[in-house]
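Fold and contact review
Each chain is listed here by its residues.
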Amino acid sequence: MPRFASCSIALFALLLLHAAPAQALVDVQCDGAIQQTWTPGLKVLPRVVTHTNASDYTHCTTSVSAITFGTLDVTASFNNSCAVNIGPSQATIEWSDGSSSTFTFQGVSANVVGNIQVFTSVGKVTHGRFQGDQVLLVNRFLNTDLLACLWPQGLTRLAGSASLTFTRL
């Protein structure tokens, strides 16, 4: 078998393995901006902090025509550090049509992509519109912002871009 054909078959097999199941349907996908604060500031080692998250999802694509944007505001206290989010979280997003979705998620994974730190959380809608959907939150921040983790007051604030996807399985 020619080398090109075997590589093509391997690539096709990989794509099939990572493709969403046929029955999965994206109910809503949003992009916007995020601002987070921590009191006291995040350090390298975990400690209990109060975390606030204000996300404005200004562009949403969904089959529900009345939903064009959403606002998420969260305040919670839990063990957290610059390296890892240890505590579970719950959030409620208010949709532009007056409805809301409450979802829970556990922890955050972090990856560096170029000069951007990408935080990803996965959860589930527990109440409200899109109940039962899987939730994917992705927040992106400049890596240079994380140097504050080494300062005496710690990292107290981050601002960046955010995306949110609700998928019905």
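Here's what I pulled together on the structure shown here. Along each chain, the written sequence defines residue order, and numbers are assigned to residues from 1. Given that this is a predicted model, residues contribute local features only at a pLDDT of at least 70 and side-chain atom pairs are listed and counted only at 80 or more, while totals for whole chains, interfaces and linings are drawn from all residues. To get the side-chain values, all heavy atoms of the structure are used, and hydrogens and water are removed first.

The next subject is the overall build of the chain. Scanning the chain from N- to C-terminus turns up one helix and nine strands. Secondary structure counts use DSSP, requiring at least four H or I residues in a row for a helix and at least two E residues in a row for a strand, with both numbered from the N terminus. The linear arrangement of helices and strands in the chain, starting from the amino end, is α-β-β-β-β-β-β-β-β-β. When accessible area is computed with a 1.4 Å probe and restricted to protein chains, residues below 20% of their type maximum are described as buried, those above 50% as exposed, and intermediate ones as partly exposed. Looking at the chain residue by residue over its 169 residues, the buried ones come to 36%. In this description, contact between two residues means that some pair of their heavy atoms is separated by no more than 4.5 Å. For the chain, restricting intrachain contacts to residue pairs at least 6 apart in sequence, the fraction spanning at least 24 positions comes to 55%. To be clear on the numbers: accessible area is Shrake-Rupley with a 1.4 Å probe, and residue cover counts the displayed protein chains and nothing else. Approximately 9,500 Å² of the chain is accessible, and the part contributed by carbon and sulfur atoms is 62%.

With that out of the way, let us pick up the packing of aromatic side chains. Only Phe, Tyr and Trp rings take part, Trp by its six-membered ring, and two of them pair if their centres are within 6.5 Å. Stacked means planes under 30 degrees apart, edge-to-face means over 60, and tilted covers everything else. Tallying each qualifying case throughout the model produces six aromatic pairs. Among the aromatic side chains, those forming a connected cluster through ring pairs are Trp95, Phe103, Phe105, Phe130 and Phe166. Remark: a charge is flagged as sitting over a ring if the NZ atom of Lys or the CZ atom of Arg is within 6 Å of the ring centre and within 35 degrees of the ring normal. Between Arg129 and the ring centre of Phe130, over which it is positioned, the NZ or CZ distance is 5.8 Å.

Note the cis peptide between Thr39 and Pro40, where omega equals -10°. Note on placement: Pro40 falls in strand β1 (residues 25–42).

Throughout, a disulfide means two cysteine sulfur atoms within 2.5 Å of one another. Inspection of the entire model under this criterion finds two disulfides. A sulfur-sulfur separation of 2.1 Å characterises the disulfide bridge that pairs Cys30 with Cys60. Measuring the twist about the S-S bond at about 110°, one finds the Cys30-Cys60 disulfide to be right-handed. Of the two residues, Cys30 sits in strand β1 while Cys60 sits in strand β2 (residues 47–62), which places them 30 residues apart along the sequence. Taken as a pair, Cys30 and Cys60 share a single burial class, namely buried. Sequence-ordered numbering of the bonded cysteines in the chain yields a pairing of 1-2, 3-4.

This part covers a nonpolar patch on the surface. What goes into a patch is any residue over 30% in relative accessible area without a salt bridge, connected to like charges within 9 Å or, for nonpolar side chains (Val, Leu, Ile, Met, Phe, Trp, Tyr), within 5 Å. Here, a salt bridge means any side-chain nitrogen of Lys or Arg that lies within 4 Å of a carboxyl oxygen of Asp or Glu. A cluster of nonpolar residues, Val44, Leu45, Leu147, Leu150 and Trp151, forms a patch on the protein surface that exposes about 570 Å² of accessible area. Within the secondary structure layout, Trp151 lies in the loop between β8 (134–142) and β9 (155–168). For Trp151, a relative accessible area of 46% gives the class partly exposed.

Attention shifts here to the nonpolar core. Generally speaking, soluble globular proteins have nonpolar side chains that are buried together. We define a nonpolar core as any set of buried Ala, Val, Leu, Ile, Met, Phe, Trp, Tyr and Cys residues linked to one another through side-chain atoms lying within 4.5 Å. By size, the foremost hydrophobic cluster in this structure holds 31 residues, and its most contacted members are Tyr57, Ile93, Trp95, Phe103, Leu155, Leu164 and Phe166. At the level of elements, β1, β2, β3 (70–80), β4 (88–95), β5 (100–106), β7 (116–128), β8 and β9 are the ones that each hand at least two residues to this core. For Tyr57, the contacting residues outside a window of four places in its chain are Cys30, Asp31, Gly32, Phe69, Gly70, Leu72, Ile93, Leu137, Ala162, Ser163 and Leu164.

Glancing now at the environment of Ala148. As for its position among the elements, Ala148 is in the loop between β8 and β9. For Ala148, the contacting residues outside a window of four places in its chain are Gly154 and Leu155.

It is worth spelling out the side chain of Thr102 at this point. Secondary-structure assignment places Thr102 in strand β5. We classify Thr102 as buried; its relative accessible area is 11%. There is a polar contact of 2.9 Å between the side chain of Thr102 and the side chain of Thr92. Those residues in contact with Thr102 that lie beyond four places of it in its chain are Gln90, Ala91, Thr92, Lys124, Val125, Thr126 and His127. In protein, a polar contact requires one atom able to donate a hydrogen and another able to accept it; more generally it is a pair of N or O atoms within 3.5 Å, and residues adjacent in sequence count only if both atoms are side-chain atoms.

Counting through the fold element by element, Ser99 comes out in the loop between β4 and β5. Reaching out from Ser99, the side chain makes a polar contact with the side chain of Arg129 at a distance of 2.9 Å.

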